[in-house]
Amino acid sequence: MTIAAHLLVARARELADGLLSPAAERVDQEGVPASHIEAVKRSGLLGLNAPVAYGGSAAPAAVARETAEILAGACCSTWFVQTQHHTPVLTLTGSVLPVRERLLGPLARGELLAGVAYAHLRSYPRVPVRVRREAGVRVFSGTVPWFTGWGLNDVLLLAGVTEADEALFAFVEAREQPGLRPSEPMRLAALTASRTVSLDLDGLRVPEEAVALRMPFEQWAATDRPKSRNTNPAVFGIAEAALALVAEEYAAGLRDRLAEIRGRAYALADHPVPYEHTEERLALRAEAFALMRTATTAAVVTGGGRAMSLHHRAQRLAREGLFLLVQGQTSESRTAHLADLARRHRAVR
């Protein structure tokens, strides 16, 4: 079976063409509606990387990338809310703790939507969220700077650093409760629709049986760092959607170049040793960003003055592209990206 013929790819395309893309400009201004999330739940896409034994599909990585491109190109805000779900599923898949049996099935079957609150771990040695142990519970204190999908997610995977310098992840109901208070939804230049808030944690008490992962921080960081070196499939999805707005005589060459970069980037993503070829991965990531910017700029130029309307697809895609430039950014990826921009400037002087 080809990737394009895979059932989940077909469902993603049906969802994108029938619901997400036609409503994308309205969603961008009004917010991701619960009905979009219900449609994603029904599609089976939330179980994409979950074990078959728990109701998931255990789909190949290539299928996951293709569905991400399709959803992001159709409505980046909806894609971003649902893409958070896959990390909690993978975390539970690799867990041997009791919470696996309680939550993996409902998450794999799309009965629950999960969000994540762990990106702040990447600011270590600064520790925005600390965890201490008391009898039978873990107590979280601090601030989660970003949490996406508030009001849409059922549960969240919350992370902090323990007194023993461990990274600890636990599942919490995604609602205001004693010790957990959300901010007002943030107004952002792009993806305001994704319902992103910060979370104030003031002694949030989480039962020990809700813990999904606990390991030395450096061990966790070693597995996390390679993730930000690969190119996000959403970048290709946004670029393809933008090129669809451009006359073929101008888009054809860019589309060919996009396919070439995509092929190389995905070949590296499939490499069996994720921490090898670091410089090449980061260089391809920067190339993909540059081509996405060119594609979204071409879409805006094609649209002319009309592209400045908030209801025009080209400007939405351009703003979503700006968001992807910094989404999941680390100091390593930022440095590589800035160095690439500087090199490009020198090359054209």
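Residues numbered from 1 in each chain as written. Predicted model: local features only at pLDDT ≥ 70, side-chain atom pairs only at ≥ 80, totals over all residues. Heavy atoms only, no water.

(A) How the structure looks around the overall build of the protein. Within the protein, the secondary structure is distributed over 12 helices and eight strands. When burial is assessed residue by residue, the protein has 52% of its 349 residues classed as buried. The contacts in the protein between residues at least 6 apart in sequence include a share of 73% that link residues at least 24 apart. (Helix = DSSP H or I, 4+ residues; strand = E, 2+ residues; numbered from the N terminus. Buried < 20%, exposed > 50% of the residue type's maximum accessible area, 1.4 Å probe, protein only. Contact = heavy atoms within 4.5 Å.)

(B) Geometry of the packing of helix α10 (residues 278-303) against helix α11 (residues 313-326). Where α10 contacts α11, the axes come no closer than 8 Å and their chain directions differ by 160°. If you check the angle between α10 and α11, you find them roughly antiparallel. Crossing of α10 against α11: the hand is left-handed. For the pair α10 and α11, the contacting residues are Phe289, Met292, Arg293, Thr296, Ala299 and Val300 in the first and Ala314, Gln315, Leu317, Ala318, Gly321, Leu324 and Leu325 in the second. Per-class residue counts for the contact of α10 with α11 are nine nonpolar, three polar and one charged. (Axes fitted to C-alpha atoms, helices over the stretch in contact; angles between N-to-C directions. Parallel < 35°, antiparallel > 145°, perpendicular 65-115°, else oblique. Left-handed = near helix turned anticlockwise from the far one by under 90°. Nonpolar A, V, L, I, M, F, W, Y, C, P; charged D, E, K, R; others polar.)

(C) Highlighting the packing of helix α8 (residues 233-243) against α11. Interhelical geometry of α8 versus α11 gives an angle of 160° and a closest axis separation of 10 Å. On the basis of their axis angle, the class for α8 and α11 is roughly antiparallel. Of the two possible hands of crossing, α8 and α11 adopt the one that is left-handed. From α8, Ala234, Val235, Ile238, Ala241 and Ala242 reach across to α11, where they touch Leu317, Glu320, Gly321 and Leu324. Across the contact of α8 with α11, the residue classes tally to seven nonpolar, one polar and one charged.

(D) A look at the nonpolar core. Counting 62 residues, the largest nonpolar core has Trp79, Met292 and Leu324 as the members making the most contacts within it. The set of elements that each furnish at least two residues to this core consists of α1 (7-30), α2 (34-43), α3 (61-74), α4 (76-83), α8, α9 (248-269), α10 and α11. When sequence neighbours within four positions are dropped, the list of residues in contact with leucine 324 reads Trp79, Asn232, Ala234, Val235, Ile238, Phe289 and Met292. Leu107, Phe169, Trp220 and Ala221 belong to the second-largest nonpolar core, a separate cluster that totals 26 residues. (Core = buried A, V, L, I, M, F, W, Y, C linked by side-chain atoms within 4.5 Å.)

(E) Main features of the side chain of serine 194. Residue position: serine 194 is located in the loop between β6 (180-182) and β7 (196-207). Given the relative accessible area of 1%, serine 194 is considered buried. Of note is the side chain of serine 194, whose polar atom sits 3.0 Å from the side chain of threonine 196. When sequence neighbours within four positions are dropped, the list of residues in contact with serine 194 reads Val32, Ser77, Phe80, Val81, Thr148 and Gly149. (Polar contact = N/O pair within 3.5 Å; in protein donor to acceptor, adjacent residues only side chain to side chain.)

(F) Molecular detail of helix α6 (residues 99-108). Of all 10 residues in α6, eight are buried; the element is thus mostly enclosed. Residues of α6 that are buried in the fold lie against α5 (86-93), β1 (114-117), β4 (155-162), β5 (166-173) and β8 (211-216). Where α6 terminates, the next one or two residues include glycine 110, which has phi positive at roughly 75°.

(G) Region of the structure containing unusual backbone geometry. Cis geometry marks the peptide bond from tyrosine 124 to proline 125; its omega dihedral reads 15°. Examined against the element boundaries, proline 125 turns out to sit in the loop between β1 and β2 (129-134). One non-glycine residue, leucine 191, adopts positive backbone phi at about 65°. As for its position among the elements, leucine 191 is in the loop between β6 and β7. The class for leucine 191 is buried, based on a relative accessible area of 2%.

(H) Representation of the pairing of β7 in the model. In the sheet, strand β3 (residues 137-148) pairs with β7 via 10 bridges, with the strands oriented antiparallel. The partner of threonine 148 across the bridge, within β7, is threonine 196. Note that β6 and β7 share three bridges and pair antiparallel. Paired with arginine 181 across the bridge in β7 is aspartate 200. (Pairing = 2+ DSSP bridges.)

(I) Looking closely at the environment of arginine 334. As for its position among the elements, arginine 334 is in helix α12 (residues 331-348). The class for arginine 334 is partly exposed, based on a relative accessible area of 37%. Sequence-wise, arginine 334 and leucine 282 are 52 residues apart; in three dimensions their C-alpha atoms are separated by 9.6 Å.

(J) Local environment of the environment of alanine 189. Examined against the element boundaries, alanine 189 turns out to sit in the loop between β6 and β7. Residues alanine 189 and aspartate 200, 11 residues apart in the sequence, show an inter-C-alpha distance of 23 Å.

(K) Expanded view of the pattern of salt bridges. Counting across every chain of the model gives 31 salt bridges. For the salt bridge of aspartate 270 with arginine 65, the shortest nitrogen-to-oxygen distance reads 3.0 Å. In this pair, aspartate 270 sits in the loop between α9 and α10 while arginine 65 sits in helix α3, placing the two residues 205 residues apart along the sequence. Overall, aspartate 270 belongs to the partly exposed group, its relative accessible area being 46%. One salt bridge in this structure joins arginine 255 and glutamate 240, with 3.8 Å as the shortest N-O distance. Placement of the pair is arginine 255 in helix α9 and glutamate 240 in helix α8, with a sequence separation of 15 residues. Among the residues examined, arginine 255 registers a relative accessible area of 24% and is labelled partly exposed. Note on glutamate 240: relative accessible area 26%, which makes it partly exposed. One network of salt bridges, in which partners are shared, links Glu69, Glu240, Glu248, Arg255 and Arg262. (Salt bridge = Lys/Arg side-chain N within 4 Å of Asp/Glu carboxyl O.)

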